[in-house]
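Remarks on the overall topology
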Amino acid sequence: MRFSYYNSPLFLKHDTGDHPENARRLTAINREVKKFIPKSKWVDPPDATGEQIEAVHDRGYIKTVKSACENGQTALDMDTPISPMSYYAAIRGAGAGCHAVESIMNNTMDRAFCAVRPPGHHAEKNRAMGFCFFNNAAIAARYALSLGAKRAAIVDFDVHHGNGTQHEFENDKSVFFASIHRRGIYPGTGGENETGTPGAKGFTVNYPIEALSGDEVYVSILKDSLIPKLEEFKPDILLVSAGFDAHESDPLGGMSVTDGGYVRMTKLLSGFAESRCGGRMVSFLEGGYNINTLGVTVAAHIKILME
């Protein structure tokens, strides 16, 4: 399997202090994956272009983020701290997904994991939310379509609903979006009744589940409902918003997924990608906030991608 691990020193320069989404998360992941991913497979990506980011976000909003970081502002909202280098980390993170998608669409790579920060799935067209500036998975999906993909699918298993991703594609039949998330927590969206606008009904699917749900709940959703819907949609590429904050040890998630559960979920998604879309699959780091366990959990996810 032709695989790349996307990472950059810039991601560590997005300085959030003691905020839960901090540079130590990525340091822990990098330390773990160095044990089995050879340096030849590590890619420091180019920055996303203005055109790539503007396919999802308003130009004025992009300028606002850049100005806020460069002018010493300390936060974009109450949940989203910034530092002088945060904008540059964010455009590099968006660039990771675009570079991965381009390599896959050009048939020089099959799989990728984008170990990026800041994360992206809460970012709206003109608003930062929930630690996120630019929506990495949405930008990558738009770019895949621009390169010739007819249909792209995004599966989000972060404990929080991917509101920004849903809102970008809820009127678009070329992108299937599915989110499995804890019911009733931030950002308060993602009900079962949110299935897309009238012009694209059924191309958005939400699975809000109860607190403390664990492996069997997630796996059964994938096996019995989500994978069949993906097979019906027939995407050319599969993108995954891989949040690990549903882990049993996570301080924010309140769920009970084990490392083994993440392995089972990844095997199901990877197997689908291998059998239905030529193996084309890109996974993006979203949440996951227990520094002591995150590296091992992410490494288990990546090992399945590399098989």
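Read on for a plain summary of the structure. These numbers were taken from a predicted model, which means no experiment stands behind them.

What follows deals with helix H8 (residues 259-276). Because the α-helix completes a turn every 3.6 residues, residues three or four places apart line up on one side. Under the 1.5 Å per step criterion, the end-to-end length of H8 is 26 Å for 18 residues, consistent within 8% with the ideal 26 Å. Buried within H8 we find Gly261, Tyr262, Met265, Thr266, Leu269, Ser270, Phe272 and Ala273. Taken down its axis, H8 places every buried residue within 160° of arc, on the same side. Looking one or two places after H8, you find Gly278, whose phi comes out positive at around 65°.

Turning to its location among the elements, Leu252 is positioned in the loop between strand S9 (237-242) and H8. Those residues in contact with Leu252, other than ones at most four positions away along the chain, are Pro20 and Tyr289.

What follows deals with the sheet that holds strand S7 (residues 175-182). Paired through their backbone hydrogen bonds, the strands of a sheet run either parallel or antiparallel. One open sheet holds the eight strands; their spatial order is S2-S1-S5-S10-S9-S6-S7-S8, and the pairing between them is parallel. Both outer strands of the open sheet, strand S2 (42-43) and strand S8 (204-209), are each paired with one neighbouring strand and no more. Pairing between strand S5 (residues 111-114) and strand S10 (residues 281-285): four bridges, direction parallel. By the bridge assignment, Phe113 is partnered in S10 with Ser283. Relative to S7, helix H7 (residues 215-233) is tilted by about 170°, and along the sheet it contacts strand S6 (152-156), S7 and S8. Each of S5, S6, S9 and S10 touches H8; the most contacted strand, S9, lies at about 165° to it.

Turning our eyes to something else, we now look at the packing of aromatic side chains. Counted under the stated rule, the structure contains eleven aromatic pairs. Ring centres of Tyr87 and Phe134 lie 6.2 Å apart, and the angle between their planes is 85°; on these two criteria the pair is classed as edge-to-face. Placement of Tyr87 in helix H4 (residues 86-105) and of Phe134 in the loop between S5 and helix H5 (136-146) is noted, with a sequence separation of 47 residues between them. You can call Tyr87 buried: its relative accessible area is 9%. A residue is classified by how much of its surface remains accessible, and Phe134, at 1% relative accessible area, is buried. For the pair Phe157 and Phe244, a centre-to-centre distance of 6.0 Å together with 75° between the ring planes defines the contact as edge-to-face. With Phe157 in the loop between S6 and helix H6 (163-169) and Phe244 in the loop between S9 and H8, the pair connects residues that are 87 residues apart, well separated along the chain. For the pair Phe157 and Phe244, a shared accessibility class is recorded, and that class is buried. Aromatic ring contacts, followed pair by pair, group Tyr61, Tyr87, Tyr88 and Phe134 into a single cluster. The side chain of Lys39 reaches across the aromatic face of Trp42, ending 3.8 Å from its centre.

Following Arg117, the chain continues to Pro118 via a peptide bond in cis, the omega torsion being 5°. Turning to its location among the elements, Pro118 is positioned in the loop between S5 and H5. Note the cis peptide between Tyr186 and Pro187, where omega equals 5°. With a phi close to 70°, Leu212 is a non-glycine residue in the positive phi region. When you line up the elements, Leu212 lands in the loop between S8 and H7. Accessibility expressed as a relative area gives 62% for Leu212, which makes it exposed.

In this structure, Tyr5, Phe134, Leu238 and Leu269 are the most contacted members of the largest nonpolar core, which totals 94 residues. Ranked by the residues each element gives to this core, the list is headed by H4, at ten residues. Those residues in contact with Tyr5 that lie beyond four places of it in its chain are Ile29, Asn30, Val33, Ile37, Lys41, Trp42, Val43, Phe113, Ala115 and Ile302.

Bringing the packing of helix H1 (residues 23-33) against helix H9 (residues 291-306) into the picture now. A pair of packed helices is characterised by two quantities: the angle between their axes and the separation of those axes. Between H1 and H9, the least distance of the axes is 8 Å, while the angle of their chain directions is 50°. By the angle class used here, H1 and H9 are oblique. Judged by the twist between their axes, the crossing of H1 over H9 is right-handed. Side by side, H1 and H9 meet where Arg24, Arg25, Ala28, Ile29, Glu32 and Val33 of the first sit next to Ile291, Leu294, Gly295, Val296, Val298, Ala299 and Ile302 of the second. Looking at the contact of H1 with H9, its residues break down into nine nonpolar, one polar and three charged.

What counts and what doesn't
- Residues numbered from 1 in each chain as written.
- Predicted model: local features only at pLDDT ≥ 70, side-chain atom pairs only at ≥ 80, totals over all residues.
- Heavy atoms only, no water.
- Helix = DSSP H or I, 4+ residues; strand = E, 2+ residues; numbered from the N terminus.
- Expected span 1.5 Å × (residues − 1).
- Buried < 20%, exposed > 50% of the residue type's maximum accessible area, 1.4 Å probe, protein only.
- Arc of directions from axis to C-beta.
- Contact = heavy atoms within 4.5 Å.
- Pairing = 2+ DSSP bridges.
- Axes fitted to C-alpha atoms, helices over the stretch in contact; angles between N-to-C directions.
- Phe/Tyr/Trp six-rings, centres within 6.5 Å; stacked < 30°, edge-to-face > 60°.
- Lys NZ or Arg CZ within 6 Å of the ring centre and 35° of its normal.
- Core = buried A, V, L, I, M, F, W, Y, C linked by side-chain atoms within 4.5 Å.
- Parallel < 35°, antiparallel > 145°, perpendicular 65-115°, else oblique.
- Left-handed = near helix turned anticlockwise from the far one by under 90°.
- Nonpolar A, V, L, I, M, F, W, Y, C, P; charged D, E, K, R; others polar.

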